[in-house]
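Structure assessment
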Amino acid sequence: MLTLDKIYHAAFVLKDVARKTDLIEAPKLSKDCQLYLKTENLQVTGSFKVRGAYYKISQLSKEESDKGVIACSAGNHAQGVALAATRRGIRSIVCMPDGAPIMKVENTKNLGAEVCLVPGTYDDAHDKAVELQEETGMTFIHPYDDEQVIAGQGTIGLEILDQLPDVDAVIVPVGGGGLISGVAFAIKSLKPEVKVYGVQAEGAPSMYRSLHEHKYQTLSAVSTFADGIQVKTPGELTYKLCEEYVDDIVTVTEDETAAAILSLMENQKLVAEGAGAVPVAAALFHKLPIEGKKVVCLISGGNIDVNILNRVITRGLVMSGRKANLTIALEDKPGQLQQVANIVSRCGSNVVSVLHDGSDPNMPISSCFLKLTLETRDNAQIEQIRQELAKAGFQLVQAHTLRLPYPLGGHAAGLRHHPGDLLPAQGGVLLPLPLGPDAHRRAGLVHKVDGLVRQAAPRQVPHRKLHCLPQGLIGQADAVVALVAGGQPFQNVHRLLRGRLLNLHPPEAALEGGVLLDVGAELLIRRRADELQLAPGQHRL
């Protein structure tokens, strides 16, 4: 049973192992509240996880220690287990998803653990670790659903109350729930009036859904670059503790998380990983009732892969108006580029890249697309440039985004795109909307398809080669429905739909874009299968 005494004992054990990380004020991050940062990204392994892992391993019996320890982790718990086991002379094996950041994998090896990379997500690594534990008899060190691990994480709550006694609210990242369970238990036990809020990635809301729907549940799929909180199934123990001690849990988008990482770097000179930045994202984007309060955001870790950091910075720059992508439709004649460059220069922006595209089939033969990437001050300057270009008679191609209700193939978020681009979007499939005077009518078509998708079973769709459909999708879908109702085998229906649509007007299909063939066809057929209550084997494509 988790007790306050156990958390105090963990603090005693950890005093020579884990740092008492600084609590720093961050006035530049928010004008609405008095914001502080608990900098666990500066912990000895770059993450809070060493607290729970070390305390758990320190409490093992000699017999358990002699067997060695095994764990599963997206990276941070792995480093904590490796450090604790090596310091205590215990053999350790850590199962990690093969998509874990290279830096976390290498650091875990350098700290003395044997690493087993497992294809898939954290949950797949967990299953492999359980399998190896049963084979070897090693002691399993769970990353969050364990009382001693939770007690170790709870020491952060004690430190926050010691460093800021009059704190009003604490915002904590949530994956499996070990961190927030410990912090909330410690804080609520000593000062119950303090609010404790959790934050999850929008693409991995396992605890969020469990608490809001009052039902412990496992997600079928998760998708977020915040690998530290990319968890399908929360802990059973942590779920119960969160129900009792946590005031609320909210979610943030990938773009909001990216903006928070950039803001922490620019304003506080702190590097946070995705999971560590979600509390700041919740504060920056007003997800919680914290106006006028003294608020602590727990920056849980800073172990972010450099390659991901580069992309995150770019995303954050776009989100904050510091970088802009413009596409301009031009007549292909001398002097056009110079006129555009003069306007951009007059507005005080810097051109980073230029692409002159005369081969786009959406344009007349005598025209072209000019695609610019600009460094800008803010969104107001971007709008000024747009207005000046429009005054000069240049036609800007607007970016359109349609977000569908769940991710395709586990890809990361896309902010916006230009017609013809097939980019993944936050929390769903990004469907390109075509150019032309009837673009709004065809946008309506895509939204109608979106309606069909929302009625389909919310299961993962296989990631296949993407094809574009012409605007006749809905009429053809109606024919599919009629064929299905008439008893046609689903394989034949899918083949017929594919053939009809790709052969209807092939050039037009290639030009217009609109929706994704394999995804659209499969979802439509699945929808009808659900309506007719057919067995899964009867509609497998």
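Structure: above.
Values in this document were obtained by computation on a predicted structure and should not be read as measured data.

With that settled, consider the overall build of the protein. Within the protein one finds 20 helices and 14 strands. In the protein, which comprises 541 residues, the proportion classed as buried is 55%. Here the analysis covers contacts within the protein between residues at least 6 apart in sequence; of these, 72% occur between residues at least 24 apart. Accessible area for the protein stands at about 23100 Å²; split by element, carbon and sulfur atoms hold 50% of it.

Moving on: the nonpolar core. Of all hydrophobic cores here, the largest spans 38 residues; its most connected members are Val170, Val172, Val183 and Val296. The element that contributes the greatest number of residues to this core is helix H8 (residues 178–190), accounting for 7 residues. When residues no more than four places from it in sequence are discounted, the contact partners of Val183 are Gln153, Gly154, Ile156, Gly157, Val170, Val172 and Leu298. With 37 residues, the next largest nonpolar core counts Phe225, Val252, Ala272 and Leu309 among its residues.

This structure, assessed with the given rule, holds 21 salt bridges. Of the charged contacts, one joins Glu147 and Lys6 as a salt bridge, the two residues approaching to 3.5 Å between their closest N and O atoms. Taken as a pair, Glu147 in helix H7 (residues 147–163) and Lys6 in helix H1 (residues 4–14) lie far apart in primary sequence, 141 residues in all. Overall, Glu147 belongs to the partly exposed group, its relative accessible area being 24%. Under the relative-accessibility criterion, Lys6 is labelled partly exposed at 22%. One salt bridge in this structure joins Glu388 and Lys391, with 3.7 Å as the shortest N-O distance. Taken together, the positions of Glu388 and Lys391, both in helix H15 (residues 379–391) and 3 residues apart, correspond to about one turn of that helix.

On the secondary structure map, His356 appears in strand S12 (residues 350–357). The class for His356 is partly exposed, based on a relative accessible area of 45%. Expressed as a C-alpha distance, the spacing of His356 and Thr327, which sit 29 residues apart in the sequence, is 9.8 Å.

Taken together, the side chains of Leu337, Val351 and Val354 define a hydrophobic patch exposed on the protein surface, amounting to about 230 Å² of accessible area. By the secondary structure assignment, Val354 is in strand S12.

This next bit is on the sheet that holds strand S5 (residues 114–118). Taken together, the 4 strands give an open sheet; going across it, the order is S5-S4-S3-S6, and neighbouring strands pair in parallel fashion. Of all strands in the sheet, those with a lone pairing partner are S5 and strand S6 (139–141), marking the two edges. For this sheet, the mean angle separating the axes of adjacent strands, direction not counted, is 25°. As judged from the 5 bridges shared by strand S4 (residues 92–97) and S5, these two strands associate in the parallel manner. Bridge pairing in S5 places Pro97 opposite Val118. Together, strand S3 (69–72), S4, S5 and S6 form the strand contacts of helix H6 (residues 122–136), whose direction differs from that of S3 by roughly 160°.

What follows deals with empty space enclosed by the protein. Under the defined criterion, the tally for this structure stands at 8 cavities of 30 Å³ or more. Lining the largest cavity we find 27 residues, and of these Phe48, Lys49, Gly175, Gly228 and Ile229 sit closest to its centre. If you list the elements that add at least two residues to the lining of the largest cavity, you get helix H4 (76–87) and H8. For the lining of the largest cavity, the class distribution of residues is 11 nonpolar, 13 polar and 3 charged.

Applying the stated rule across the entire model yields 2 aromatic pairs. With centroids separated by 5.2 Å and ring planes inclined at 75°, the aromatic side chains of Phe185 and Tyr245 adopt a geometry described as edge-to-face. Here the residue Phe185 occupies a position in helix H8, and Tyr245 occupies one in helix H10 (residues 236–245), the gap between them amounting to 60 residues. With relative accessibility at 7%, the residue Phe185 sits in the buried group. Seen from their ring centres, Tyr216 and Tyr239 are 5.6 Å apart, and the 55° between their planes marks the pair as tilted. Linking Tyr216 in the loop between helix H9 (206–212) and H10 with Tyr239 in helix H10, this pair joins segments that are 23 residues apart in sequence. Using a relative accessible area of 31% as the deciding quantity, one classes Tyr216 as partly exposed. Looking at Lys15, its charged tip hangs above the ring of Phe12, at a distance of 5.2 Å from the centre.

Here the focus is H10. Residues of H10 that are buried: Thr238, Tyr239, Leu241, Cys242 and Tyr245. Here the buried residues of H10 occupy an arc of 165° about the axis, which is enough to place them on one side. Residues of H10 that are exposed and angled more than 90 degrees away from the buried face: Glu236, Lys240 and Glu244. Looking at the buried positions of H10, the neighbouring elements they touch are H7, H8, strand S8 (195–201) and H9.

All right, on to the packing of helix H11 (residues 254–268) against helix H13 (residues 306–319) then. Helix-helix packing is described using two parameters, namely the angle between the two axes and the distance between the axes. Where H11 contacts H13, the axes come no closer than 8 Å and their chain directions differ by 100°. Judged by the inter-axis angle, H11 sits roughly perpendicular to H13. Residues Asp255, Glu256, Ala258, Ala259, Ile261, Leu262 and Met265 of H11 pack against Leu309, Val312, Ile313, Arg315, Gly316, Leu317 and Met319 of H13. Per-class residue counts for the contact of H11 with H13 are 10 nonpolar, 1 polar and 3 charged.

What counts and what doesn't
- Residues numbered from 1 in each chain as written.
- Predicted model: local features only at pLDDT ≥ 70, side-chain atom pairs only at ≥ 80, totals over all residues.
- Heavy atoms only, no water.
- Helix = DSSP H or I, 4+ residues; strand = E, 2+ residues; numbered from the N terminus.
- Buried < 20%, exposed > 50% of the residue type's maximum accessible area, 1.4 Å probe, protein only.
- Contact = heavy atoms within 4.5 Å.
- Areas by Shrake-Rupley, 256 points an atom, 1.4 Å probe, with all protein chains shown as cover.
- Core = buried A, V, L, I, M, F, W, Y, C linked by side-chain atoms within 4.5 Å.
- Salt bridge = Lys/Arg side-chain N within 4 Å of Asp/Glu carboxyl O.
- Patch = residues over 30% accessible without salt bridge, like charges linked within 9 Å, V, L, I, M, F, W, Y side chains within 5 Å.
- Pairing = 2+ DSSP bridges.
- Axes fitted to C-alpha atoms, helices over the stretch in contact; angles between N-to-C directions.
- 1 Å grid on protein atoms, 1.4 Å probe; cavity = no way out; pocket = protein on both sides within 12 Å on 5 of 7 lines; lining within 4 Å.
- Points joined across faces, edges and corners; volume = space filled by probe spheres on them.
- Nonpolar A, V, L, I, M, F, W, Y, C, P; charged D, E, K, R; others polar.
- Phe/Tyr/Trp six-rings, centres within 6.5 Å; stacked < 30°, edge-to-face > 60°.
- Lys NZ or Arg CZ within 6 Å of the ring centre and 35° of its normal.
- Arc of directions from axis to C-beta.
- Parallel < 35°, antiparallel > 145°, perpendicular 65-115°, else oblique.

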